[in-house]
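Residue strings, one per chain:
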Amino acid sequence: MTASPSPSAKLRLLAVHAHPDDESSKGAATMAMYAASGVEVMVATCTDGSRGDIQNPAMESAPHPKRDMAGARRLEMDNAAKVLGIRQRWLGFVDSGLPEGDPLPPLPVGSFATLPLERAAAPLVRLVRHFKPQVILSYDENGGYPHPDHIMAHRVAVEAFEAAGDPARYPGTGEAWAPSKLYYDRAFSPERFRALHYALEEAGLQSPYAERLAAWLEADAEGHTPPAPTHPTTTQIECGDFFEARDDALRSHRTQIDPEGFFFAVTPAMQRQTWPWEDYSLIQSRVPTDVPETDFFAGLR
């Protein structure tokens, strides 16, 4: 297995996301902060987002997404990447959509979440071997939320982390490279939402988080509270100075993000005062590091 470079080498971060817009709602301020500090940051977008619905009422009559949703979302992704100061690559898969109904219908044949793991992971392994990130960031086993493409994005990220450094695996995709650290995103951590909820209430403002918190805290019929998250926060990246960049990147995804919606309920200034971090779980590290951490590259600098 090829080792990562010496601490003096260029630092690189690769974030693996399911659809265009996911990178802006999960870890965007962290990526913008690292990019501004000189770290090379790249987003790998697994799918084209072609089966996404229009989520912004102001875009419901726009002709481009109705005619070509994938093309509209490609332009949105380009704008978001420029705002964050990052690079971005498409892995080339087709959006699986979010199935609805009871029973759930089968996923479209050939869509990302239906593919064999090795076929779905091969483009990411190739990207890892060429970009040579020390750090890979993705979702947990539930995909952050259980969209089929998010779960598959988790699977391919873990597969690439494990396989890219083994020259016997994925032949023809470049020289072996072993990333040093694997993180899962905790953008929707209950701790963060609880803190923001109380900050809004204390300011006399309406909180949109009450229903979400109630679901997390609801006891079952025997009085049991929900189990603790599978992966606790180990790493908090202070990135409050980049919350405006994150929000501007989100607004770039005009088909998917309502500028009057949930993501913008708390001002960047209040967030900086209440929760100036983005939260992550360190899952694997091939370099010595101690938790809690405040830097993805702890042990590598």
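The structure this text deals with has already been given above.
Residues numbered from 1 in each chain as written. Predicted model: local features only at pLDDT ≥ 70, side-chain atom pairs only at ≥ 80, totals over all residues. Heavy atoms only, no water.

A. Main features of the pattern of salt bridges. The final tally for this structure, using the stated rule, is 12 salt bridges. The salt bridge involving R87 is made with E40; its shortest N-O contact spans 3.2 Å. With R87 in strand 3 (residues 87–93) and E40 in strand 2 (residues 40–47), the pair connects residues that are 47 residues apart, well separated along the chain. The salt bridge involving R272 is made with E244; its shortest N-O contact spans 2.8 Å. With R272 in helix 10 (residues 268–274) and E244 in helix 9 (residues 243–252), this pair connects stretches of sequence that are 28 residues apart. (Salt bridge = Lys/Arg side-chain N within 4 Å of Asp/Glu carboxyl O. Helix = DSSP H or I, 4+ residues; strand = E, 2+ residues; numbered from the N terminus.)

B. Structural context of the sheet that holds strand 5 (residues 181–185). The 7 strands lie next to each other as 3-2-1-4-5-7-6, forming an open sheet whose pairing is mixed. Among the strands making up the open sheet, the edge pair consists of strand 3 and strand 6 (235–238). Adjacent strand axes in the sheet meet at a mean angle of 30 degrees when their direction is disregarded. With 6 bridges joining them, strand 1 (residues 12–17) and strand 2 adopt parallel strand pairing. Residue pairing in the sheet places H17 in a bridge with T45 of strand 2. Against the sheet, helix 4 (residues 69–84) contacts strand 2 and strand 3, and its axis sits at roughly 155 degrees relative to strand 3. (Pairing = 2+ DSSP bridges. Axes fitted to C-alpha atoms, helices over the stretch in contact; angles between N-to-C directions. Contact = heavy atoms within 4.5 Å.)

C. Spotlight on the environment of E118. Note that E118 resides in helix 5 (residues 117–131). For E118, a relative accessible area of 54% puts it in the exposed group. A C-alpha to C-alpha distance of 31 Å links E118 and E278, two positions 160 residues apart in sequence. Every residue in contact with E118, bar those within four places of it in the chain, is listed here: E159, R169 and Y170. (Buried < 20%, exposed > 50% of the residue type's maximum accessible area, 1.4 Å probe, protein only.)

D. Expanded view of helix 6 (residues 148–163). The first and last C-alpha atoms of helix 6 sit 22 Å apart over 16 residues, in line with the 22 Å expected at 1.5 Å per residue. Taking burial as the measure, the 16 residues of helix 6 include 12 buried ones, the bulk of the element. By the burial criterion, the buried members of helix 6 are P148, D149, H150, M152, A153, H154, V156, A157, E159, A160, F161 and A163. (Expected span 1.5 Å × (residues − 1).)

E. Spotlight on unusual backbone geometry. Between D102 and P103 the backbone carries a cis peptide bond, its omega angle lying at 5 degrees. The residue P103 is located in the loop between strand 3 and helix 5 in this model. The peptide bond linking V291 to P292 adopts the cis configuration, its omega dihedral lying at 5 degrees. In this fold, P292 is placed in the segment after strand 7 (277–285). The backbone of K132 shows a phi angle near 60 degrees, a positive value even though the residue is not glycine. Inspection of the secondary structure assignment puts K132 in the loop between helix 5 and strand 4 (135–138).

F. Helix 9, seen in detail. With 7 of 10 residues buried, helix 9 lies mostly within the body of the structure. Three or more residues of helix 9 are buried, namely F243, A245, R246, D247, A249, L250 and S252. Looking at the buried residues of helix 9, the elements they touch are helix 1 (22–25), helix 2 (28–36), helix 4, helix 7 (190–202), helix 10 and strand 7.

G. Layout of the packing of helix 4 against helix 9. Look at helix 4 against helix 9: their axes get within 8 Å of each other, and the N-to-C directions meet at 170 degrees. If you check the angle between helix 4 and helix 9, you find them roughly antiparallel. Two secondary-structure elements touch here, helix 4 through E76, N79, A80, V83 and L84 and helix 9 through A245, R246, D248, A249 and S252. Residue composition of the contact of helix 4 with helix 9, grouped by class: 5 nonpolar, 2 polar and 3 charged. (Parallel < 35°, antiparallel > 145°, perpendicular 65-115°, else oblique. Nonpolar A, V, L, I, M, F, W, Y, C, P; charged D, E, K, R; others polar.)

H. Summary view of the packing of helix 5 against helix 6. Contact pair helix 5 / helix 6: the axes reach a minimum separation of 8 Å and the direction vectors enclose 55 degrees. Comparing the axis directions of helix 5 and helix 6 gives the class oblique. For helix 5 against helix 6, the interelement crossing comes out right-handed. Residues L117, E118, A120, A121, L124, V125, V128 and R129 of helix 5 form the contact with helix 6, whose own contacting residues are M152, R155, V156, A157, E159, A160 and A163. For the contact of helix 5 with helix 6, the residue count by class is 11 nonpolar, no polar and 4 charged. (Left-handed = near helix turned anticlockwise from the far one by under 90°.)

I. How the structure looks around the pairing of strand 6. Only one face of strand 6 is buried: it carries T235 and I237, and the other face, with Q236 and E238, is open. Bridge count between strand 6 and strand 7: 4 bridges; the pairing is antiparallel. The residue bridging Q236 from the neighbouring strand is D279, located in strand 7.

J. The packing of aromatic side chains, seen in detail. All told, the structure shown has 11 aromatic pairs when counted by the stated rule. Their ring planes at 70 degrees and their centres at 4.8 Å tell us that Y280 and F296 sit as a pair that is edge-to-face. You can see Y280 sitting in strand 7 and its partner F296 sitting in the segment after strand 7, a full 16 residues away along the chain. Neither Y280 nor F296 differs from the other in exposure class; each is buried. Here the basic side chain of R192 rests over the ring of F193, its NZ or CZ set 5.6 Å away from the ring centre. Of note, R286 hangs over the ring of F161, and the distance from its end group to the ring centre comes to 4.2 Å. (Phe/Tyr/Trp six-rings, centres within 6.5 Å; stacked < 30°, edge-to-face > 60°. Lys NZ or Arg CZ within 6 Å of the ring centre and 35° of its normal.)

None of this, on its own, says anything about what the molecule does.
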